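Structural overview
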Amino acid sequence: PAVTAATLAGQAYACVAFAPMFETRRMPPIGAPHLGAWGNRALWGLARRVMDRMIEPRVNAVRAARGAPPVTDVTRRLVAEARLVLVAMSPALLPRPDDWPAAIAVSGELALPATAEPVPPALADFVAAGPPPVFFTLGSMAALDPERAGATAAATIAACAEVEARCVIQAPPGVALPAAAH
């Protein structure tokens, strides 16, 4: 929706990724086997089609609500139309692939501000009340597939309980609260 808003307003946009999520023959998508240049391209093509299938309906619903025509190939358009794409990883861990578009830069880690928002008292009390908890985040899964995210959060809670570990799950309330009830 944010990219659609910027595009429809005629504004430039930039995006930030915290993992190498962009097609390259140098490496496969995260979790896939390395199959060489041609195999990696094929894996990225498959990953792109899967992502587009999940994302395009949401993007096009936003576009339709604004009277704009639908689009296809959303994941490619995201990079192709961005003024800047930062991959917030250390170049020591991810040397920039030479076949990425010029707009993609490996920026290194993003520095946190010197001051941060205070930790909510209930969380601070929980952390202080015992051994350090396991921290788990659902990332974008929570927004893309809330039902699956809820199941993943519930499985994480169950796994932590089985090994008698405390856990903190970062997720929207609509995902975390039902999972905690399991």
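Per-chain numbering applies: the sequence of each chain, read as written, is numbered from 1 onward. Note on the predicted model: pLDDT of at least 70 is required for a residue's local features to be given, and 80 or more for side-chain atom pairs to be given and counted; whole-chain, interface and lining totals, by contrast, use all residues. Water and hydrogen atoms play no part in the side-chain values, which are based on all heavy atoms of the structure.

So, on to the environment of Pro101. Summarising the element assignment, Pro101 is placed in the loop between strand 2 (84-87) and strand 3 (104-106). Pro101 sits 78 residues away from Glu23 along the chain, and the two C-alpha atoms are 9.6 Å apart. For the purposes of this entry, the term helix denotes a DSSP run of H or I that reaches at least four residues, the term strand denotes a run of E that reaches at least two, and both are numbered from the N terminus.

Across its 30 residues, helix 2 (residues 36-65) extends 42 Å between first and last C-alpha, which sits within 8% of the 44 Å expected from 1.5 Å per residue. At every residue, the bend is computed as the angle between two fitted axes, covering the seven residues ending there and the seven beginning there respectively. Most pronounced at Ile55, the bend in helix 2 amounts to some 40°, and the proline Pro57 follows within four residues. To sort residues, take the accessible area from a 1.4 Å probe on protein chains only and compare it with the maximum for the residue type: under 20% means buried, over 50% means exposed, and anything in between is partly exposed. Every buried residue belonging to helix 2 is among Gly39, Asn40, Leu43, Trp44, Gly45, Arg48, Asp52, Ile55, Glu56, Val59, Asn60 and Arg63, and all of these are buried. One or two positions beyond helix 2, positive phi appears at Gly67, with a value near 75°. Here the expected span of a helix is defined as 1.5 Å times the quantity of residues minus one.

Only centres within 6.5 Å qualify two rings of Phe, Tyr or Trp (six-membered ring in Trp) as a pair; their planes then separate them into stacked at under 30 degrees, edge-to-face at over 60, and tilted for everything else. Taken as a whole and judged by the stated rule, the model has one aromatic pair. A ring pair is formed by Phe22 and Trp100, whose centres lie 6.1 Å apart and whose planes are at 85°; its orientation type is edge-to-face. A residue pair is termed long-range when its members are at least 10 positions apart, and Phe22 in the loop between strand 1 (14-17) and helix 2 and Trp100 in the loop between strand 2 and strand 3 qualify at 78 residues. Trp100 gets classed as buried once you look at its relative accessible area, which sits at 5%. The residue whose ring lies beneath Arg166 is Phe126, and the NZ or CZ to ring-centre distance is 4.3 Å. Either the NZ atom of lysine or the CZ atom of arginine qualifies as a charge over a ring when it sits within 6 Å of the ring centre and within 35 degrees of the ring normal.

This part takes up unusual backbone geometry. In this structure, Asp73 is a non-glycine residue whose phi angle is positive, near 55°. Following the sequence through the fold, Asp73 ends up in the loop between helix 2 and helix 3 (74-80). Even without being glycine, Glu164 reaches a positive phi, approximately 55°. Classification of Glu164 as exposed rests on a relative accessible area of 76%.

Another aspect to go through is a nonpolar patch on the surface. Taken together, Val119, Leu123, Phe126 and Val127 make up a surface patch of nonpolar side chains, about 290 Å² in accessible area. In this structure, Leu123 sits in helix 4 (residues 121-128). Residues qualify for a patch when their relative accessible area is over 30% and they have no salt bridge, like charges being joined within 9 Å and the nonpolar side chains of Val, Leu, Ile, Met, Phe, Trp and Tyr within 5 Å. Here the accessible surface of atoms and residues is derived via Shrake-Rupley with a 1.4 Å probe, and residues count as covered only by protein chains that are part of the display. A pair is scored as a salt bridge if a Lys or Arg side-chain nitrogen falls within 4 Å of a carboxyl oxygen belonging to Asp or Glu.

Whether a set of points on the 1 Å grid over the protein atoms alone is a cavity depends on a 1.4 Å probe fitting there but being unable to get out, while an open set qualifies as a pocket with protein on both sides within 12 Å along at least five of seven lines; lining residues are those with an atom within 4 Å of a point. Grid points are joined across faces, edges and corners, and a volume is the space filled by probe spheres set on the points. Roughly 1700 Å³ of internal volume is contained in the largest pocket. In this structure, the largest pocket is lined by 48 residues; those nearest its centre are Met21, Met51, Ile55, Thr75 and Leu78. Those elements giving two or more residues to the lining of the largest pocket turn out to be helix 1 (2-8), strand 1, helix 2, helix 3 and helix 5 (141-144). In terms of residue count, the dominant contributor to the lining of the largest pocket is helix 2 (eleven residues). Tallied by class, residues from the lining of the largest pocket come to 33 nonpolar, four polar and eleven charged. Ten residue types, Ala, Val, Leu, Ile, Met, Phe, Trp, Tyr, Cys and Pro, are classed as nonpolar, four, Asp, Glu, Lys and Arg, as charged, and the remainder, Gly among them, as polar.

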